[in-house]
Amino acid sequence: MIASHLLACLFAELRHDQAQRVDKYLYHMRLSDETLQEISDRFGKDMEKGLGADTNPTASVKMLPTFVRSTPDGTEEGEFLSLDLGGTNFRVLRVKVADNGSKKVEMENQIYAIPEDLMRGSGAQLFDHIAECLASFMEQLQIKEKKLPLGFTFSFPCYQTKLDESILVNWTKGFKSSGVEGRDVVSLLRKAIRKRGDFDIDIVAVVNDTVGTMMTCGYDDHNCEVGLIVGTGSNACYMEEMKNVELVEGDEGRMCINMEWGAFGDNGCLDDFRTEFDVAVDDNSLYPGKQRYEKMISGKYLGEIVRNILINFTKRGLLFRGRISERLKTQDIFETKFLSQIESDRLALLQVRSILQHLGLESTCDDSIIVKEVCAVVARRAAQLCGAGMAAVVEKIRENRGLDFFRVTVGVDGTLYKLHPHFSAVMHETVRKLAPKCEVSFLQSEDGSGKGAALITAVACRIREAGQH
Ligand code: BGC
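Quantities reported herein were computed from a predicted structural model and do not represent experimental measurements. (Residues numbered from 1 in each chain as written. Predicted model: local features only at pLDDT ≥ 70, side-chain atom pairs only at ≥ 80, totals over all residues. Heavy atoms only, no water.)

## Regarding the overall build of the protein
Phase 1 of the analysis: Within the protein, the secondary structure is distributed over 16 helices and 13 strands.
Phase 2 of the analysis: For a compact globule of 469 residues, the expected C-alpha radius of gyration is about 23 Å, and the protein comes in at 23 Å, within 12% of that figure.
Phase 3 of the analysis: Counting only C-alpha atoms and orienting by the principal axes, one finds that the protein spans roughly 80 × 50 × 45 Å.
Phase 4 of the analysis: Across the protein, the fraction of contacts at a sequence separation of at least 24, relative to all contacts at a separation of at least 6, is 71%.
Phase 5 of the analysis: For the protein, the computed accessible surface area is about 19500 Å², with 48% contributed by carbon and sulfur atoms.
Phase 6 of the analysis: Side chains of the protein carry 58 positive and 69 negative charges; the gap between the two charge centres is 4 Å. (Helix = DSSP H or I, 4+ residues; strand = E, 2+ residues; numbered from the N terminus. Rg over C-alpha atoms; globule rule 2.2 N^0.38 Å. Contact = heavy atoms within 4.5 Å. Areas by Shrake-Rupley, 256 points an atom, 1.4 Å probe, with all protein chains shown as cover. Lys, Arg positive; Asp, Glu negative; His and termini not counted. Charge placed at Lys NZ, Arg CZ, Asp CG, Glu CD.)

Put into structure tokens, the structure is as follows:
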């Protein structure tokens, strides 16, 4: 609050005509409560469409069934492996779950890099690399001889027909390995492991990171029925009534739905709120026209929106004395972490200047103030949009259950949510305004996706074993 007040004061000190011009171009990024309500309503309608068998093909939010029906009941135990692909890093984890009354979960993990050429090379190379990392981790822990159950957190849109089959619909977040879209990622991983022949593994479940996060938080808080990620990408999942999930047979109980909300707007329903900067980021991305909501919200794209605005302002003579540096012309050079750093810089604007210097930009004090305002507006809009989506989700669950008042916990993970100084507060405030009949608590998860995959695997193993007796 203090920081934004200071910023407003600083902004007011800009030459009046300059501030007015800046405001004119940022105007469409400042969303009113009415606009946010409208977006939330459209979101709710698209969720309904995604759930319906006939309407699903034209819905942008695909509402993918996950085949996760029950949350851990605390009686799970054993030793599991998890793979976590799809966030900032690729990780391999060993998770030990103990049923000793204290719900103890122990984890060891190793982070491995996924070089950019592997992200965009052949799928076979990518899965060979994953198998290689898994082998090296097992070697290190001296567990190569064991055939352990594994949960695979694969955080991309997938059609699932059962827990251990997951067909990649399309890549997101900078990945574009060939020959994987339309294929079952479990088969691809099994094939890569078999080819090596030096260890064996029991792949039990494929899990989206939102689902892993919900599960992890649900282990400690039984009100947790929603999972949210705001990191490199953005997405949410929640527990839906089976009778509403028309894509899966059966009416009893609930199933977790991976909404794939990043694709909201891909059918054009967000077009009246997208600015020329959003369109530019989308057009120059790896997947034009796809993941439009995600491109307005998540860490992979916010820096790019800011960069596009800065270039536009410089061309109009509003910044950097009209001179664009070569570095600023480079796609993705303005990292989203700069937004967090710039907004954490309360007084001296020192961070802003040093970041701009690093981008080869000679900045005046006015330049720094404008850049800071741009970052604030872009991040605030992202948080509000995210809140509008979340309000639609909690309202849907409340209506499903015919409740006048609904209390729910949302398990959250992701670098943008965790590191940005204002994102979470603005998002919470938006949810409170747009869903006044819901009391929503947000619980941050630590290592949620990898741990959650292990917990889902543990539940599946428990059920499988019970079936064998
Ligand atoms: C993916 C989702 C994922 C989200 C957060 C999106 O790009 O499509 O599956 O949950 O990123 O990682």
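## A look at the sheet that holds strand E5 (residues 149–154)
Phase 1 of the analysis: Taken together, five strands build an open sheet; the order of strands is E4-E3-E2-E5-E8 and the sheet is mixed. Looking along the sheet, the strands with just one partner apiece sit at the ends: strand E4 (104–112) and strand E8 (202–207). The sheet shows a mean angle of 20° between the axes of neighbouring strands, direction not considered.
Phase 2 of the analysis: Helix H6 (residues 185–196) rests against strand E2 (78–85), E5 and E8 of the sheet, and its axis sits at about 145° to E8.
Phase 3 of the analysis: Of the strands in this sheet, strand E3 (90–98), E4, E5 and E8 touch helix H7 (residues 209–220), which is tilted by about 95° from E8. (Pairing = 2+ DSSP bridges. Axes fitted to C-alpha atoms, helices over the stretch in contact; angles between N-to-C directions.)

## Focus on the pattern of salt bridges
If the charged atoms of two oppositely charged side chains come close together, the side chains can form a pair.
Phase 1 of the analysis: Scanning the entire structure with this criterion turns up 38 salt bridges.
Phase 2 of the analysis: Of the charged contacts in the structure, one is a salt bridge between Glu225 and Arg254, with a shortest N-O distance of 3.8 Å. With a gap of 29 residues between them, Glu225 in strand E9 (residues 224–230) and Arg254 in strand E11 (residues 254–258) connect regions that are remote in the sequence.
Phase 3 of the analysis: Its relative accessible area of 12% is what places Glu225 among the buried residues. (Salt bridge = Lys/Arg side-chain N within 4 Å of Asp/Glu carboxyl O. Buried < 20%, exposed > 50% of the residue type's maximum accessible area, 1.4 Å probe, protein only.)

## Some points on the side chain of Thr172
Phase 1 of the analysis: Counting through the fold element by element, Thr172 comes out in the loop between strand E7 (165–168) and H6.
Phase 2 of the analysis: Residue classification places Thr172 among the buried residues on the basis of a relative accessible area of 3%.
Phase 3 of the analysis: Residues in contact with Thr172, not counting those within four places in the same chain, are Ser155, Phe156, Pro157, Tyr287, Gln291 and Glu294.

## Comments concerning the site of the ligand
Phase 1 of the analysis: What surrounds the ligand is a group of 15 residues, the closest being Thr172, Asn208, Asp209, Glu260 and Glu294.
Phase 2 of the analysis: Within the contact set of the ligand, an oxygen atom lies 3.3 Å away from a backbone nitrogen or oxygen of Phe156.
Phase 3 of the analysis: Glu294 is positioned with one of its side-chain polar atoms (N or O) 2.7 Å from an oxygen atom of the ligand.
Phase 4 of the analysis: For the shell around the ligand, the secondary-structure elements that each account for two or more residues are H7 and strand E10 (234–241). (Near = heavy atom within 4 Å. Polar contact = N/O pair within 3.5 Å; in protein donor to acceptor, adjacent residues only side chain to side chain.)

## Comments concerning the sheet that holds E9
Phase 1 of the analysis: The six strands lie next to each other as E1-E11-E10-E9-E12-E13, forming an open sheet whose pairing is mixed. Only two strands of the sheet have a single neighbouring strand rather than two, namely strand E1 (64–65) and strand E13 (438–444).
Phase 2 of the analysis: Two strands pair when backbone bridges link them, and E1 and E11 are joined in this way by two bridges, in the antiparallel orientation. Bridge pairing in E11 places Leu64 opposite Asn258.
Phase 3 of the analysis: Across the face of the sheet, H7 comes into contact with E9, E10, E11, strand E12 (406–413) and E13 while running at roughly 135° to E9.

## Quick notes on unusual backbone geometry
Phase 1 of the analysis: Notably, Arg321 is not glycine yet its phi reads approximately 50°, a positive angle.
Phase 2 of the analysis: Notably, Asp332 is not glycine yet its phi reads approximately 65°, a positive angle.
Phase 3 of the analysis: For Asp332, the location among the structural elements is in the loop between helix H10 (299–315) and helix H11 (336–344).

## Describing H10
Phase 1 of the analysis: Across its 17 residues, H10 extends 25 Å between first and last C-alpha, which sits within 8% of the 24 Å expected from 1.5 Å per residue.
Phase 2 of the analysis: Most of H10 sits out of view: 15 of its 17 residues are buried.
Phase 3 of the analysis: Once H10 ends, the next one or two residues include Gly317, with phi positive near 80°. (Expected span 1.5 Å × (residues − 1).)

## Describing the packing of H11 against helix H12 (residues 350–358)
Phase 1 of the analysis: One way to put it is that H11 packs onto H12 with a least axis distance of 8 Å and a crossing angle of 150°. Classified by the angle between their axes, H11 and H12 sit roughly antiparallel to one another. In this structure, H11 uses Phe338, Gln341 and Ile342 to contact H12, whose residues at the interface are Gln351, Val352, Ile355 and His358.
Phase 2 of the analysis: Considering only residue class, the contact of H11 with H12 consists of four nonpolar, three polar and no charged. (Parallel < 35°, antiparallel > 145°, perpendicular 65-115°, else oblique. Nonpolar A, V, L, I, M, F, W, Y, C, P; charged D, E, K, R; others polar.)

## Digging into the pairing of E9
Phase 1 of the analysis: For E9, a buried count of seven out of seven residues is recorded, marking the element as mostly surrounded by other parts of the structure.
Phase 2 of the analysis: Pairing of E9 with E12 involves five bridges; the strand directions are parallel. In the strand pairing of E12, Gly227 is matched with Gly411.
Phase 3 of the analysis: Both E9 and E10 contribute to a ladder of five bridges, which runs antiparallel. Of the residues in E10, the one forming a bridge with Val226 is Tyr238.
Phase 4 of the analysis: Counting the residues that bridge the hairpin from E9 to E10 gives three residues.

## Thoughts on helix H5 (residues 123–140)
Phase 1 of the analysis: The terminal C-alpha atoms of H5 lie 26 Å apart, and with 18 residues this matches the ideal 26 Å at 1.5 Å per residue to within 8%.
Phase 2 of the analysis: For H5, the full list of buried residues reads Gly123, Leu126, Phe127, Ile130, Ala131, Cys133, Leu134, Ala135, Phe137 and Met138.
Phase 3 of the analysis: Check the buried side of H5 and you find it contacts E2, E3, E4, helix H4 (116–119), E5 and H6.
Phase 4 of the analysis: A positive backbone phi angle near 55° is found at Gln142, which sits one or two residues after H5.

## With respect to the packing of aromatic side chains
Phase 1 of the analysis: Per the stated rule, a full pass over the model turns up 14 aromatic pairs.
Phase 2 of the analysis: Between Phe156 and Phe175, the aromatic rings sit 5.1 Å apart at their centres with planes inclined by 70°, giving edge-to-face as the arrangement. In this pair, Phe156 is assigned in the loop between E5 and strand E6 (158–162) and Phe175 in the loop between E7 and H6, connecting sequence segments 19 residues apart. For the pair Phe156 and Phe175, one class covers both residues: buried. (Phe/Tyr/Trp six-rings, centres within 6.5 Å; stacked < 30°, edge-to-face > 60°.)

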